[in-house]
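# Secondary and tertiary structure notes
These are the residues of each chain, in order.
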Amino acid sequence: MGFVNKLLVLFLLISPIGLVSSAVANQVFINEDPVMVIIIDDIGDNKEKGLAAIKLPGVITYAFLPHTPYSFELAQTAYGLGKEVILHAPMENKAGLRLGPGALTQQHSLQQVNQILNEDLDSIPHVVGMNNHMGSLLTEDRQRMDIVMSVIRERNMFFIDSLTTPNTVAWKLAHEYKIPYLIRDVFLDNQPHRAYIHNQFKQALSLAVTQGHAVVIGHPYPETIAYLSEVIPILAELNIKLVSASELLSLRSQTRLMISPPKVDQPCDSKEGHCVSMPVAIKH
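Here the residue index of a chain counts from 1 through its sequence in written order. Side-chain atom pairs in this predicted model are given and counted only at pLDDT of 80 or more, local residue features only at pLDDT of at least 70, and totals for whole chains, interfaces and linings cover all residues. Only heavy atoms go into the side-chain values, all of them from the structure, while hydrogens and water stay out.

Here the focus is unusual backbone geometry. Backbone geometry at H67 places phi at a positive 60°, although glycine is not the residue there. Secondary structure elements are taken from DSSP: a helix is a run of H or I of four residues or more, a strand is a run of E of two residues or more, and numbering for both begins at the N terminus. Position of H67 relative to the elements: it lies in the loop between β2 (61-64) and α4 (71-80). Relative accessibility under 20% of the residue-type maximum defines a buried residue, over 50% an exposed one, and the middle range a partly exposed one, all with a 1.4 Å probe and only protein chains included. Judged by its relative accessible area of 39%, H67 is partly exposed.

Mapping S109 onto the fold places it in the loop between β3 (84-91) and α5 (110-122). What makes S109 partly exposed here is its relative accessible area of 31%. Between the C-alpha atom of S109 and that of R144, which follows or precedes it by 35 residues, the distance is 8.4 Å.

The score called pLDDT rates the predictor's confidence residue by residue, from a low of 0 to a high of 100. Across the protein, the average pLDDT comes to 85, with 78% of residues at 70 or higher. By the convention used here, residues are in contact when the closest approach between their heavy atoms is within 4.5 Å. Here residues 257-270 is a poorly scored stretch, pLDDT under 50, and it has 42 contacts once near neighbours within four places are set aside; other chains count. Here residues 275-284 is a poorly scored stretch, pLDDT under 50, and it has 40 contacts once near neighbours within four places are set aside; other chains count.

Two numbers describe a pair of packed helices, the interaxial angle and the distance between the axes. Where helix α3 (residues 47-54) meets α4, the closest approach of the two axes is 10 Å, and the angle between their N-to-C directions is 15°. Taken together, the axes of α3 and α4 lie roughly parallel to each other. Judged by the sense of rotation from one axis to the other, the crossing of α3 with α4 is right-handed. Packed against α3, whose contacting residues are K47, G50, L51 and I54, the element α4 presents E73, L74, T77 and A78 at the interface. The residue classification treats Ala, Val, Leu, Ile, Met, Phe, Trp, Tyr, Cys and Pro as nonpolar and Asp, Glu, Lys and Arg as charged. All others, Gly included, are polar. Of the residues assigned to the contact of α3 with α4, the class counts are 4 nonpolar, 2 polar and 2 charged. Note on geometry: axes are lines fitted to C-alpha atoms, helical ones only across the stretch in contact, with angles between N-to-C directions running from 0 to 180 degrees. Our angle categories are set so that under 35 degrees counts as roughly parallel, over 145 as roughly antiparallel, 65 to 115 as roughly perpendicular, and the remainder as oblique. The handedness criterion is simple: a crossing whose near helix is rotated anticlockwise from the far helix by less than a right angle is left-handed, and one whose near helix is rotated clockwise is right-handed.

To continue, consider α5. Every α-helical turn comprises 3.6 residues, leaving residues that sit three or four positions apart pointing alike. With 13 residues, α5 should reach 18 Å at 1.5 Å per residue; the first-to-last C-alpha distance of 18 Å fits that figure. Within α5, the full set of buried residues consists of V113, I116, L117, N118, D120 and L121. The elements touched by buried residues of α5 are β3, β4 (127-134) and α6 (142-154). Under the convention used throughout, the expected extent of a helix is 1.5 Å for every residue step, that is, one less than its residue count.

Looking now at the pairing of strand β5 (residues 158-161). With burial as the criterion, each face of β5 is covered, one bearing F158 and I160 and the other bearing F159 and D161. Across 3 bridges, β4 lies against β5 in parallel orientation. Residue pairing in the sheet places N131 in a bridge with I160 of β5. Handedness of the β4-α6-β5 crossover: right-handed. By this definition, two strands are paired if DSSP reports at least two bridges between them. Alignment of β5 against strand β6 (residues 181-183), held across 3 bridges, turns out to be parallel. Looking at β6, one finds that I160 is bridged to L182. Note on handedness: a crossover is taken as right-handed if, strands pointing away from the viewer, the path from the first strand over the helix to the second is clockwise. Note on the crossover from β5 through helix α7 (residues 170-176) to β6: the handedness is right-handed.

Written out as C-alpha cells, the structure reads:
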C-alpha cells in the first residue's frame, strides 16, 4: 500500500465518525469542508531552506524572521507566488535561547517595544500579520503585549498566538483589542523526524474534522518540507481545504466562531514550552 493510501486509511480510522463527509455535517463553519492552516516559521536566515519551503504546493502562510539575511528577498518571492507573508516576531523565552535581531524582551521599555516591533514589521514586505517566535516569557507580560497589540491594531493586521506557554496573555489581549487572532493547535515538528511529524499531522487532521479547523505550525526542516510536499496534495481527497491564516479568520468572522481558553493538561516541550494540548472551538 502506497503512502497516500496509508494516510487515507489512517485518517478514516482516527476520524470520529469514520467518514469525513458525515463528520462535517455538525461543523460550525458555513463552508462545506473542514479547513487547515499551515504556517512555516523561521524563514529568512537560510536561503536554500527558505526557497524549498516557499515552493511547497498550496495556500501556505510563511512567518519571516526580521532583519535576517534573506527575509526581504524570500518574502518578495513568497508574495510573488501568491503566498501569505507574516512577521515571526522574536520574543524573550524562559530558557535563555538566542533570539536574533529584532527581539522583544522585558529589558526593553514600552517605548522601545513599540519602536522595535514597528521596525520589525517594516523590514518584511507585504506583511499582513504576525506570530511570536519563542516568547514563553514575553507573551506572559501583559504590559508589553499591550504595546504589541496596539501596534497590530494600528496597522490593521492579525495575530497568531504560537502558544509557547499555557500562561500566555497574547491571544486574550488580541480578543480585548478586537484584533483578528488565531491560536496554534499543533506543532508539527518539535522532533524533526518523519514518524513524529506524521503522528502530529494525523492529530491535525483529526482536529480539522472534529472542530472544523486546525492551525498547524512547522519549520523549514528538510524532513518537514519533504513530508508536507507529499501530504498537501491529498488534503483535497480528505475533504480538507488548505487555507491561509487570513482566510480562516474570514471564515471565523462569518460564523462568529471564537476560541475558548486553552486547556493545558500536559507538560510543555522542554525546548521553549511548546504545549501539546489544544484550545477548543466554541460558538459565541
